[in-house]
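# Structural overview for review
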Amino acid sequence: MLDITSRRPASIVVSLSSGSICTLGGESSFAVTNEWHAHDFEPWIAAFDCWEPSTVWTGGDDLTLKGWDLRQGCDRPTFVNKRRCVALCSPAHYANGLY
């Protein structure tokens, strides 16, 4: 999964089949700015929060939704939800939260 911010400078977040997530940034070309191991199994989603672009949401085959605050580093997630009963395939933003 790939997501890009509409803010300048643009940033991209990508999920990797290894369980890692990476962000890329730049003006005219992109370079990896951060990479971290996020999930024990393949992550299916990686998306910037539309209200807080310094937050990245990830989820996948480990049935876990995680939030990452890029300002604090990505040693550990700032949010973890394991109450999902199926793998997460796509994020959707609603007025009352992320689903």
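About the cut-offs
- All residue numbers here refer to positions counted from 1 along the written sequence of the relevant chain.
- Reporting of local features is limited, given that this is a predicted model, to residues whose pLDDT is at least 70; pairs of side-chain atoms are given and counted only at 80 or more, and all residues count toward the totals for whole chains, interfaces and linings.
- With hydrogens and water excluded, all non-hydrogen atoms of the structure serve as input to the side-chain values.
- Centres within 6.5 Å are what make two rings of Phe, Tyr or Trp a pair, Trp counting through its six-membered ring; a difference in plane orientation under 30 degrees is then read as stacked, over 60 as edge-to-face, and the rest as tilted.
- Helix and strand definitions here come from DSSP, where helices need a minimum of 4 consecutive H or I residues and strands a minimum of 2 consecutive E residues; each element is numbered from the N-terminal end.
- Classification of residues uses two cut-offs on accessible area relative to the type maximum, computed with a 1.4 Å probe and protein chains only: under 20% is buried, over 50% is exposed, and between them is partly exposed.
- For this analysis, a polar contact is any N or O atom pair within 3.5 Å, provided that within protein one partner can donate a hydrogen and the other can accept it, and provided that sequence-adjacent residues contribute only side-chain to side-chain pairs.
- Salt-bridge detection follows one rule: a side-chain nitrogen of Lys or Arg within 4 Å of a carboxyl oxygen of Asp or Glu.
- For two strands to pair, DSSP has to find at least two bridges joining them.
- Helix axes use the C-alpha atoms of the stretch in contact, all axes being lines fitted to C-alpha atoms, and the angles between their N-to-C directions lie in the range 0 to 180 degrees.

## Topic: the packing of aromatic side chains
With the rule as written, the count across this model stands at 2 aromatic pairs. An angle of 55° between the planes, with centres 5.6 Å apart, marks the rings of Trp-36 and Trp-68 as tilted. Of the two residues, Trp-36 is situated in strand β4 (residues 31-37) and Trp-68 in strand β7 (residues 65-69); the sequence distance between them amounts to 32 residues. Grouping residues by exposure puts Trp-36 and Trp-68 together as buried. Taking 5.3 Å as the distance between ring centres and 75° as the angle between the ring planes, the aromatic pair formed by Trp-57 and Phe-79 counts as edge-to-face. Highlighted residues: Trp-57 in strand β6 (residues 55-60) and Phe-79 in strand β8 (residues 79-81), separated in sequence by 22 residues. Looking at Trp-57, the relative accessible area reads 13%, which means it is buried.

## Overview of unusual backbone geometry
Phi is positive for Leu-63, close to 60°, though the residue is something other than glycine. Along the polypeptide, Leu-63 turns up in the loop between β6 and β7. Assessed through its relative accessible area of 33%, Leu-63 is described here as partly exposed.

## Overview of the side chain of Ser-15
Mapping Ser-15 onto the fold places it in strand β2 (residues 11-15). For Ser-15, the side chain forms a polar contact with the main-chain oxygen of Pro-43, separated by 3.4 Å.

## So, the pattern of salt bridges
Summed over all chains, the structure comprises 1 salt bridge. Among the ionic pairs, Asp-69 bridges to Arg-71, the shortest N-O distance being 2.9 Å. Owing to a relative accessible area of 8%, Asp-69 belongs among the buried residues under this scheme. Here Arg-71 falls in the exposed class, since its relative accessible area comes to 59%.

## Let's talk about the pairing of β2
Among the 5 residues that make up β2, 4 are buried, leaving the element largely enclosed by the rest of the structure. As judged from the 5 bridges shared by β2 and strand β3 (residues 20-25), these two strands associate in the antiparallel manner. In the strand pairing of β3, Val-13 is matched with Thr-23. Remark: 4 residues form the turn of the hairpin made by β2 and β3, two consecutive strands paired antiparallel; Gly-19 in that turn has positive phi of roughly 100°.

## Focus: the sheet that holds strand β5 (residues 43-48)
Reading across the sheet, the 4 strands line up as β5-β6-β7-β8 and stay open at both edges, with antiparallel pairing between neighbours. In the strand order of this sheet, the two ends are held by β5 and β8, each with one partner. Geometrically, the sheet is characterised by an average inter-axis angle of 15° between neighbouring strands, direction not taken into account. Relative to β8, β7 is paired through 3 bridges, and the arrangement is antiparallel. When the bridges of β8 are listed, Gly-67 appears paired with Phe-79.

So, to be careful, I would describe these as geometric facts and stop short of saying anything about function.
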